[in-house]
Amino acid sequence: MRKSTLLLLAAVAFYSACKTDSINPNNGSSSSRKVDTLQGAITADLALDAGKDYYLKGQVYVKNNATLSIPAGVTIFAEKTDDRSKKTVLVITRGAKINIAGTADKPVVFTSAASTKAPGDWGAIVILGSAPTNTGMGNVAGLAVSNDTQYGGNNATDNSGSITYLRVEYAGGINPPAEDEWIVDKASGLLLASVGSGTKVDHVMVEHSNDDAFQFVGGTINATYLLAYNNGDDDFDFDLGYTGHLQFLVSYRSAASSQALRANGFESYNDEVPTANAPLTRPVVSNMTIIGIEGLQSPKTNLNQGVYMRKGTRLAIRNSIVAEYPEGAFMVCPRTRPVILANDNAEFRSNLVQSDTLARTFARDRDYDVVADPELTVFETNSVNKNVVLTASADFKLKAMYNNGAPDLSLGDGSPAASGSDFSGADFSNAFFSQVTYRGAMGTSNWAAASNWAVWK
């Protein structure tokens, strides 16, 4: 009798989570694919149908150690709602998994169901794991406190599934305009909280999020081939003890946003206080390309730094390109300036950098103002750190840094990024990194060219 009751409950949960809906989120497109609805709780393994699309209705939780599998070519249309507390989200709870098996030709796409799509129409994809943070257990900012929004643990190799060839559009709606930047941001874009190194993530694009694109809150996950395009706040945001490895990242903006107070390409943050709690946030990153808006910005927009090292964090960034940010390529704050100058488990090396204001290419945050830092400039361009300052973005000699429709950030003839990479030392010589000769996210071939997966619109 007990077994029969459990089977009945599982069937009810499955039915409520995936049912046929008469709506047409395609909004008059030529697609004739059937649309089913995902809502409520998914408590048993669920494999979506490759021949259908899906409507994500409200806040959907994959729980009870269930696995949600999404095959190539499926589009998930997220319900739009204006109430920030009820924004549509997909949450993979601790112990559950998501397997997204997209391809370059047939990516999996999460987008707004609105007829006229806009940043902030829905919330986020949230993946929660049991890897360490530096604050113990936590709950996702912006969602109701419950067991279903909890993250944290001590399993560094925790496995939350696999994601490949995913595009996320028009998320970030939980965050209010001009959100307090001194606290951890609310869930936005793709949020990976306490996600462990057993999880696979590659080829993910987040575009037109109203707030952050990629959020790493604690955890140890490693990832490759990540694209962030025209998002409202930080493209890559790290908090609460993240310690993973990343390679081949692009942060790109052709337009500013009015959402954030100060939007950065890359921001590393330890915690609000900050404390010295272990593990300290320390992303280890190689081959990143960060590109801001072309030319001098007048009037001033909300764009700030290419890379901001703040609030007691550590980081290690090498073999990267940073260009066209108005306040600088690399900025420190009063708590991180002594750390970087002392080589205290932190480094910014072998990068090519440029800024709208040459003197502020290397800068510091002083009393809420950004000022040039001559001492940091001398340090970062010495024979050990080997960063090179370029005076104009054209000096990078990328094939098409600014191109309506789709930039080409691969290397043109004579690019100084074609050589000069450095993978020496324990952090960068490990098996995770592909030890390429070039700097920046790509060599002479453009893996982010306009395609079904990489959509520059």
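What you are looking at is a predicted structure, and each value in this text was computed from that prediction instead of being measured.

(A) How the structure looks around the overall build of the protein. Of the regular secondary structure elements, the protein holds three helices and 32 strands. Residue burial in the protein is summarised as follows: out of 457 residues, 59% are buried. Nonlocal contacts in the protein, meaning residues at least 24 apart in sequence, comprise 68% of its contacts between residues at least 6 apart.

(B) Seen up close, the side chain of His 203. Along the chain, His 203 turns up in strand S15 (residues 200-207). A polar atom in the side chain of His 203 sits 2.7 Å from the side chain of Asp 202. His 203 has contacts with Thr 164, Tyr 165, Leu 166, Thr 224, Tyr 225 and Trp 453, leaving out every residue within four places of it along the chain.

(C) Unusual backbone geometry, seen in detail. Here the bond from Ala 278 into Pro 279 is cis, since omega is -5°, no more than 30 degrees from zero. With respect to the element layout, Pro 279 can be found in the loop between strand S20 (266-269) and strand S21 (284-291). Residue Ser 194 is not a glycine yet carries a positive backbone phi of 60°. Position of Ser 194 among the secondary structure elements: in the loop between strand S14 (189-193) and S15. Judged by its relative accessible area of 0%, Ser 194 is buried. Positioned with a positive phi, Leu 240 is a non-glycine residue whose angle comes to about 55°. Residue position: Leu 240 is located in the loop between strand S18 (236-239) and strand S19 (245-252).

(D) The pattern of salt bridges, seen in detail. Under the counting rule described, the total for this entry stands at 21 salt bridges. The shortest N-O distance in the salt bridge between Lys 63 and Asp 148 comes to 2.9 Å. With Lys 63 in the loop between strand S4 (52-62) and strand S5 (67-71) and Asp 148 in the loop between strand S11 (138-139) and strand S12 (150-151), this residue pair connects regions lying 85 residues apart in the sequence. Assessed through its relative accessible area of 25%, Lys 63 is described here as partly exposed. Residues participating in the shared-partner salt-bridge network are Arg 318, Glu 347, Arg 349, Lys 386 and Asp 422.

(E) Inspection of the nonpolar core at higher detail. In this structure, Phe 110, Phe 214, Phe 216, Phe 266 and Val 307 are the most contacted members of the largest nonpolar core, which totals 68 residues. For this core, the leading source of residues is S4, giving four residues. Ignoring sequence-local partners within four residues, the contact set of Val 307 consists of Phe 266, Met 288, Ile 290, Leu 315, Ile 317, Val 322, Ala 329, Phe 330, Met 331 and Phe 348. Phe 248, Phe 423, Ala 441 and Trp 447 belong to the second largest nonpolar core, which has 33 residues in total.

(F) The arrangement of the packing of aromatic side chains in detail. Per the counting criterion, the structure on display carries 20 aromatic pairs. Look at Phe 348 and Phe 362: their rings are 6.3 Å apart centre to centre, the planes differ by 85°, and that puts the pair in the edge-to-face class. Of this pair, Phe 348 sits in strand S26 (residues 347-349) while Phe 362 is found in strand S28 (residues 362-366), placing the two residues 14 residues apart along the sequence. Of the residues examined, Phe 362 reaches a relative accessible area of 0% and is grouped as buried.

(G) Expanded view of the pairing of strand S7 (residues 89-92). Covered by surrounding structure in S7 are Val 89 and Val 91 together with Leu 90 and Ile 92, the residues of both alternating faces. As paired strands, S4 and S7 are joined by four bridges and run parallel to one another. When the bridges of S7 are listed, Val 60 appears paired with Leu 90. In terms of strand pairing, S7 meets strand S10 (residues 124-128) through four bridges, oriented parallel. Directly across from Val 91, in S10, lies its bridge partner Val 126.

(H) The arrangement of the environment of Pro 283 in detail. Looking at the secondary structure, you find Pro 283 in the loop between S20 and S21. Judged by relative accessible area, Pro 283 falls into the buried class, the value being 0%. Separated by 33 residues in sequence, Pro 283 and Ala 316 place their C-alpha atoms 6.4 Å apart. Ignoring sequence-local partners within four residues, the contact set of Pro 283 consists of Phe 238, Tyr 242, Gly 244, Phe 266, Ser 268, Arg 314, Leu 315 and Ala 316.

(I) A look at the confidence of the model for the protein. Counting all residues, the mean pLDDT for the protein is 90, and 89% of those residues have values of 70 or more. Across residues 1-16 the pLDDT falls below 50, and counting only partners more than four positions away or on other chains, this stretch makes five contacts in the model. Contacts of residues 26-30 to residues separated by more than four positions or lying in other chains number eight contacts, the stretch itself having pLDDT below 50.

(J) Focus on the side chain of Thr 75. If you trace the backbone, Thr 75 turns up in strand S6 (residues 75-78). The exposure class of Thr 75 is buried, given its relative accessible area of 18%. Thr 75 has contacts with Asp 53, Tyr 54, Val 109 and Thr 111, leaving out every residue within four places of it along the chain.

(K) Summary view of the pairing of S15. Counting buried residues in S15 gives seven out of eight residues, a clear majority hidden from the surface. With seven bridges joining them, strand S13 (residues 161-169) and S15 adopt parallel strand pairing. Of the residues in S15, the one forming a bridge with Glu 169 is Glu 207. Inspection of the sheet shows S15 paired to strand S17 (residues 223-229) by six bridges, in the parallel sense. Its bridge partner being in S17, Val 201 is matched across the sheet by Ala 223.

(L) Structural view of the environment of Val 74. As for its position among the elements, Val 74 is in the loop between S5 and S6. For the pair Val 74 and Ala 101, spaced 27 residues apart in sequence, the C-alpha to C-alpha distance is 9.7 Å. Here Val 74 is in contact with Arg 33, Asp 49, Ala 50, Lys 52, Asp 53, Tyr 54, Pro 107, Val 108 and Val 109, once residues within four sequence places are set aside.

(M) Representation of the environment of Gly 440. Inspection of the secondary structure puts Gly 440 in the segment after strand S32 (408-411). Sequence separation of Gly 440 and Asn 287 is 153 residues, and the distance between their C-alpha atoms is 4.4 Å. What Gly 440 contacts, discounting residues up to four positions off in sequence, is Asn 287, Met 288, Thr 289, Asn 319, Ser 320 and Ile 321.

What counts and what doesn't
Within any chain, residue numbers begin from 1 and follow the written order of that chain's sequence. Totals for whole chains, interfaces and linings use all residues, but because this is a predicted model, local features are given only for residues with pLDDT of at least 70 and pairs of side-chain atoms are given and counted only at 80 or more. To get the side-chain values, take all heavy atoms of the structure and skip hydrogens and water. For the purposes of this entry, the term helix denotes a DSSP run of H or I that reaches at least four residues, the term strand denotes a run of E that reaches at least two, and both are numbered from the N terminus. Partly exposed residues are those whose accessible area sits between 20% and 50% of the maximum for their type, while under 20% is buried and over 50% is exposed, using a 1.4 Å probe and protein chains only. Should any heavy atoms of two residues lie within 4.5 Å, those residues are considered in contact. Any N or O atom pair separated by 3.5 Å or less is treated as a polar contact, with the protein-specific requirement of one donor-capable and one acceptor-capable atom, and with residues adjacent in sequence counted only for side-chain atom pairs. Salt bridges, as used here, are contacts in which a Lys or Arg side-chain nitrogen is within 4 Å of a carboxyl oxygen on Asp or Glu. Side-chain atoms within 4.5 Å are what join buried Ala, Val, Leu, Ile, Met, Phe, Trp, Tyr and Cys residues into a set we call a nonpolar core. In this analysis, rings of Phe, Tyr and Trp, with Trp reduced to its six-membered ring, are considered paired at centre separations within 6.5 Å, and the interplanar angle assigns stacked below 30 degrees, edge-to-face beyond 60, and tilted for intermediate values. Here, any two strands with at least 2 DSSP bridges between them count as paired. How sure the predictor is of each residue is captured by pLDDT, a score from 0 to 100.

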